[in-house]
Amino acid sequence: MSALNASAGTGVFVLSLLSVPLSYLFNHLIISSSKELVLLAGVSFALIVTVLVKVLLRRRTPSDPLFYVYAVYALLSVVNLIIGLEQDGIIDGFVTFYLKHADPNINTAHGHMISYWNGCAHYLMYLLMVAAITWGESYRAIGLYWVGSVLMQIIVYIPASVVGKYGFELNWLFLLHMLYVLVSVWACFRVFNQPATWRTLLSDVECEQKKRVLHRPADVILIFGIIAAAAFSIFRGLVALDCHSGVCKGYVVNFEPYIKDPSVFPTVQMLVNMLYSTPCFVLTLYGLLVPGCDWLPDLSLVHAGAVAQ
């Protein structure tokens, strides 16, 4: 099984690299500025990927359906890396039409960095999870980190695209984003439903937590760090809400003027940090102070992935 599945994992890596010639080919085939043609090209791209998956992985493959999801996502991650490189002028002629006519939000600072995050961090996660699946190992820890990252990306990118500077330019291609959202949310539930791998360590954790907090120096440092991070998240959220305090106004002028970018991506990001990250910080503090919170490792991984994204 290992040898056969190993070939499947190699096939996923090869499949992801095929996005380079495919991107170049589609970019030169699309000679019209029609957005409907771009949508047709996107659907055709998905169909070609599906066929290639069947061809490259025609031998025995893992039964986990997320294997195929991550295989396609790995290919899309390479496309995102191509987008980022072309935006920086490092390469040219691969996604020129897409950048100019298809998705204006991808040309914002937020969209630009999302391209690199998907093309580097997410790509590595997909390859690691595919490797774990092919060898029959658990990938729940990496999966939870990915869950936090992809959920944060969805929660920020989709609403900001609708209400932001380019909201009136949304087109049928936005449906492809919604398809990505639906599949990703389904994949998140699949990851959550996998059995945890750290149950055997809970007894050691509970034994350590029976000590007083002051006798756990690492936890004390972590608690102070969490309190500072929560306070900073609330402060930046207030800045995004146009707080009239002199401190807030001075901060946005001297340190993070990007928060007032008309694309509203940073505004939505700050609000999400305040409304979602802060409760996670509070729950983490509770988990550190109260023994027996076996949900804390899962929450920590999901929150860590969200904050990193």
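Residues numbered from 1 in each chain as written. Predicted model: local features only at pLDDT ≥ 70, side-chain atom pairs only at ≥ 80, totals over all residues. Heavy atoms only, no water.

Chemist: In this structure, what is going on with helix α10 (residues 217-240)? I would like to understand it.
Modeler: Residues lying three or four places apart along an α-helix face the same way, a consequence of the helix completing one turn every 3.6 residues. With 24 residues, α10 should reach 34 Å at 1.5 Å per residue; the first-to-last C-alpha distance of 35 Å fits that figure. Looking at α10, one finds that the buried residues are D219, V220, I223, I226, A230, S233, R236, G237, V239 and A240. (Helix = DSSP H or I, 4+ residues; strand = E, 2+ residues; numbered from the N terminus. Expected span 1.5 Å × (residues − 1). Buried < 20%, exposed > 50% of the residue type's maximum accessible area, 1.4 Å probe, protein only.)

Chemist: How do you make sense of the packing of helix α7 (residues 140-163) against helix α13 (residues 296-308) when you look at a structure like this?
Modeler: When two helices pack together, their arrangement is given by the angle between their axes and by how far apart the axes lie. Interaxial distance between α7 and α13 falls to 7 Å at its minimum, and their mutual angle equals 45°. Classified by the angle between their axes, α7 and α13 sit oblique to one another. Two packed elements cross with a definite hand, and for α7 against α13 that hand is right-handed. Facing R140, A141, L144, Y145, G148, S149 and M152 of α7, the residues of α13 in contact are D298, L301, V302, A304, G305, A306 and A308. Here the residues of the contact of α7 with α13 are counted per class, giving 9 nonpolar, 3 polar and 2 charged. (Axes fitted to C-alpha atoms, helices over the stretch in contact; angles between N-to-C directions. Parallel < 35°, antiparallel > 145°, perpendicular 65-115°, else oblique. Left-handed = near helix turned anticlockwise from the far one by under 90°. Contact = heavy atoms within 4.5 Å. Nonpolar A, V, L, I, M, F, W, Y, C, P; charged D, E, K, R; others polar.)

Chemist: Help me understand unusual backbone geometry in this model?
Modeler: Trans is the common state for peptide bonds, and a negative phi is the common state for residues other than glycine. For D242, which is not glycine, the phi dihedral falls at a positive 65°. Relative to the assigned elements, D242 resides in the loop between α10 and α11 (246-254). Judged by its relative accessible area of 48%, D242 is partly exposed. In the Ramachandran plot, V264 falls in the positive-phi region, its phi being about 60° despite a non-glycine side chain. Here V264 is to be found in the loop between α11 and α12 (265-289).

Chemist: How should I be thinking about the nonpolar core in this particular structure?
Modeler: Soluble, globular proteins show a tendency: their nonpolar side chains are buried together. Judged by nonpolar contacts, the single largest core of 48 residues is most densely connected at L66, Y70, Y126, M129, Y139 and W146. Among the elements that take part in this core, helix α4 (residues 66-87) stands out by supplying 12 residues, more than any other. Sequence-distant contacts of Y126, defined by excluding residues within four places in its chain, comprise Y70, Y73, A74, S77, W146 and Y180. (Core = buried A, V, L, I, M, F, W, Y, C linked by side-chain atoms within 4.5 Å.)

Chemist: Quick question: what am I supposed to make of the side chain of D64 here?
Modeler: Structurally, the position occupied by D64 is in the loop between α3 (35-56) and α4. At 3.0 Å, the side chain of D64 forms a polar contact with the backbone nitrogen of L66. Ignoring any residue separated from it by four or fewer positions in sequence, one finds D64 in contact with I133, Y139, R190 and Q194. (Polar contact = N/O pair within 3.5 Å; in protein donor to acceptor, adjacent residues only side chain to side chain.)

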